[in-house]
Amino acid sequence: MVSVKRLVLDILKPHQPDALEFSCTLAKGGDDYRVGLTVIEMDENTETIQVVIEGSNINFEAIQSAITSMSGSLHSIDVVEVQSEPDKE
Amino acid sequence: MNPLSQIRFLLRITRTHGIVRRYFVVNGFDGALTMLGLIMGFLISSSADLSVIINASLGAAIALGVSGVSSAYVSEKAERRRALGELEDTMITDLQESAHGEAARWVPMLIALVNGSAPLIISLLIISPLWLSRAGVLLFISPLYAAIIIAFLLIFLLGVFLGRVSGISWLRSGIQTLLIALVTILLIFLFAGG
């Protein structure tokens, strides 16, 4: 089994929901998610952010769904860390 | 997310708290002054049956409510659609299934509800002494005078609310709105009293 341990995502989002609410919503997607968000660029209506998500087993589909639900647009996956683990019998 | 939190969230992301507040006050004021004018009109005219006064006032209250709901819904729907379209153009993304898409569908309904219910509820509160009197409840003053007192109280409270919102003295703001009500009565006496 391969577990996603760390993701660095490039996202474009509107100003609202704000960075705090955005990162908290992503963090709620998992029991042990650690989310770091940096605003890279900003214009009148939108902001480009870099989001770092760390966890024991990140559910990427859930993260993508959360981003879309908050009106964000995933531009790129910049960094990925995965780990293979033996399947639990 | 519970419904109230969801509503707060949608208002937050569209930054429409101020619009909701503004519509509540503006249309609440409309309802209060319209009822005040109607009651004053009946008061200075030859005595009318309580049922006539109640029906006329109720008709006006319902019309204000329907007008508030329909006008706000149409205008806010257009505004939300425009804002969503602009955001979609900027992000080159379809946002129909996102929070902003949901807000574009629900926020106009919410604003319309506030815009319509504010004058309706305030109007119904003002004419409540008329209903109570017709139902046989003994009031210590004439139901028309009681309705006018309630109208003044509600107009004062709207002023207090405005004062709180704008950070100025609530008493000063309440008195300002009361003065507007007094000027209304004066004008009615001047033009309709003769």
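In this report, we go over the structure that sits alongside the text. Please read all numbers here as calculations on a predicted model, not as lab measurements.

Cut-offs used in this document
- Residues numbered from 1 in each chain as written.
- Chains lettered and ligands numbered in written order.
- Predicted model: local features only at pLDDT ≥ 70, side-chain atom pairs only at ≥ 80, totals over all residues.
- Axes fitted to C-alpha atoms, helices over the stretch in contact; angles between N-to-C directions.
- Helix = DSSP H or I, 4+ residues; strand = E, 2+ residues; numbered from the N terminus.
- Left-handed = near helix turned anticlockwise from the far one by under 90°.
- Contact = placed C-beta atoms within 7 Å.
- Nonpolar A, V, L, I, M, F, W, Y, C, P; charged D, E, K, R; others polar.
- Pairing = 2+ DSSP bridges.
- Core = buried A, V, L, I, M, F, W, Y, C linked by C-beta atoms within 7 Å.
- Buried ≥ 20, exposed ≤ 12 C-beta atoms within 10 Å, placed from the backbone.

A few words on the packing of helix α2 (residues 17-44) of chain B against helix α7 (residues 170-192) of chain B. Residues and elements named next belong to chain B. Running from N to C, α2 and α7 point in directions that differ by 35°, and their axes come no closer than 10 Å. With respect to the hand of their crossing, α2 and α7 are arranged in right-handed fashion. Facing Leu33, Leu36, Gly37, Met40, Gly41 and Ile44 of α2, the residues of α7 in contact are Ala181, Thr184, Ile185, Ile188, Phe189 and Ala192. Within the contact of α2 with α7, the residues separate by chemical class into nine nonpolar, three polar and no charged.

Turning our eyes to something else, we now look at the sheet that holds strand β4 (residues 73-84) of chain A. Residue and element names in this part refer to chain A. A sheet is described by the order of its strands in space; here four strands give the open sequence β2-β3-β1-β4, paired in antiparallel fashion. Taken across any chain shown, the strands that pair with only one partner, and hence form the sheet edges, are β2 (34-42) and β4. Strand-to-strand twist in this sheet, taken as the mean axis angle between neighbours without regard to direction, amounts to 15°. As paired strands, strand β1 (residues 2-14) and strand β3 (residues 46-54) are joined by nine bridges and run antiparallel to one another. Directly across from Pro14, in β3, lies its bridge partner Thr46. Of the strands in this sheet, β1, β2 and β3 are in contact with helix α1 (residues 19-27), which crosses β2 at around 145°.

Take the interface of chain B and chain A next. Each partner contributes to the interface: chain B provides 13 residues, whereas chain A provides 11 residues. Looking at the side of chain B that touches chain A, the elements with two or more residues in it are α1 (3-14), α3 (50-91) and α4 (99-126) of chain B. Taken together, the residues of the side of chain B that touches chain A break down into five nonpolar, four polar and four charged.

Judged by nonpolar contacts, the single largest core of 52 residues is most densely connected at Ala32(B), Ile39(B), Ile126(B), Ala147(B) and Ala151(B). Each residue touching Ala151(B), except ones within four places of it in the same chain, is listed here: Ala32(B), Met35(B), Leu36(B), Ile39(B) and Ile126(B).

Function cannot be read off these values alone, since they describe shape.
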